[in-house]
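Observations on the model geometry
Now for the letters of each chain:
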Amino acid sequence: DKGYMRFSRDDEKHIVSGPVLIPDQLIYRTRGNQEIYVRFGKEAIEEMELKFFKDHRNTEGDVMHEIKVDGVTYFESYIIDKERNIAPVEFSDLPDGTWMMSAKIENEELWNLIKEGQIRGFSIDAQCSITPAKDEIDTLDDLIEYLNKQ
């Protein structure tokens, strides 16, 4: 598994909910032939959530950032803030600053993939500049140690 991905699911209403981004979690990505890990802090996550809705992307669904699909409406979005009592019970293990979202799935083919476990979570498609985190992860051993703490 290359990251935290899980939905809560309402089978009757065809609604899925789950984290979009978790602060400081390493996320596996490929850039050309290069395999890398990226991560976002709380402030960056808040900015990305706001930009998502400013850009009217709440009806843009895709699978693996490549296959566009109709019948997806993102209708609920918030940042976990336990001090303000904004925290889902089912995802109580997630830290403050996590971006949570819910989507109504009206595409039966996509819904079936979700029910079968072939699609297990949200992933944001973002164009970002990448800055190496040299102060914390310099070697493969550092990366393995960091991942084992997650």
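Here goes a summary of the coordinates provided. All values reported here derive from a predicted model rather than from experimental measurement.

Moving on, we get to the side chain of Ser102. Position of Ser102 among the secondary structure elements: in strand 8 (residues 99–105). Look at Ser102 and you get buried, because its relative accessible area is 2%. Side-chain polar atoms of Ser102 contact the side chain of Glu76, separated by 2.7 Å. Among residues more than four places away in sequence, those in contact with Ser102 are Ile15, Val16, Ser17, Thr73, Tyr74, Phe75, Glu76 and Phe122.

Below, the discussion takes up helix 1 (residues 42–54). The terminal C-alpha atoms of helix 1, which comprises 13 residues, lie 19 Å apart, in line with the 18 Å expected from a rise of 1.5 Å per residue. Burial in helix 1 covers these residues: Ile45, Met48, Glu49 and Phe52. Buried residues of helix 1, seen end-on, are gathered within an arc of 100° and therefore sit on one face of the element. Summarising the geometry of helix 1, the exposed residues directed more than 90 degrees from the buried face are Glu43, Glu47 and Lys54.

It is worth spelling out the pattern of salt bridges at this point. As enumerated under the stated definition, the model contains five salt bridges in all. Here Asp81 makes a salt bridge to Arg84, at a shortest N to O gap of 3.9 Å. Overall, Arg84 belongs to the exposed group, its relative accessible area being 58%.

For Ser102 and Ile15, which are 87 residues apart along the polypeptide, the C-alpha to C-alpha distance reads 6.7 Å. At 2.5 Å, the side chain of Ser102 forms a polar contact with the side chain of Ser17.

Further remarks concern unusual backbone geometry. Leaving glycine aside, a negative phi is the common case for residues, and trans is the common case for peptide bonds. Despite not being glycine, His14 shows a phi value in the positive range, around 60°. Within the secondary structure layout, His14 lies in the loop between strand 1 (8–10) and strand 2 (15–21). Overall, His14 belongs to the buried group, its relative accessible area being 15%.

Let us now look at the side chain of Ser17. Tracing the backbone through its elements, the reader meets Ser17 in strand 2. On the accessibility criterion, Ser17 (18% relative accessible area) is buried.

Right, let's talk about the packing of aromatic side chains for a bit. A complete count under the given rule lists six aromatic pairs for this structure. Consider the rings of Phe52 and Tyr74, whose centres lie 5.6 Å apart with planes at 80°: the pair is edge-to-face. Placement of Phe52 in helix 1 and of Tyr74 in strand 7 (residues 72–79) is noted, with a sequence separation of 22 residues between them. The residues Phe52 and Tyr74 share a single accessibility class, namely buried. A connected cluster of aromatic rings, assembled from ring pairs, spans Phe7, Phe52, Phe53, Tyr74, Trp99 and Phe122.

Quick notes on the rules
- Residues numbered from 1 in each chain as written.
- Predicted model: local features only at pLDDT ≥ 70, side-chain atom pairs only at ≥ 80, totals over all residues.
- Heavy atoms only, no water.
- Helix = DSSP H or I, 4+ residues; strand = E, 2+ residues; numbered from the N terminus.
- Buried < 20%, exposed > 50% of the residue type's maximum accessible area, 1.4 Å probe, protein only.
- Polar contact = N/O pair within 3.5 Å; in protein donor to acceptor, adjacent residues only side chain to side chain.
- Contact = heavy atoms within 4.5 Å.
- Expected span 1.5 Å × (residues − 1).
- Arc of directions from axis to C-beta.
- Salt bridge = Lys/Arg side-chain N within 4 Å of Asp/Glu carboxyl O.
- Phe/Tyr/Trp six-rings, centres within 6.5 Å; stacked < 30°, edge-to-face > 60°.

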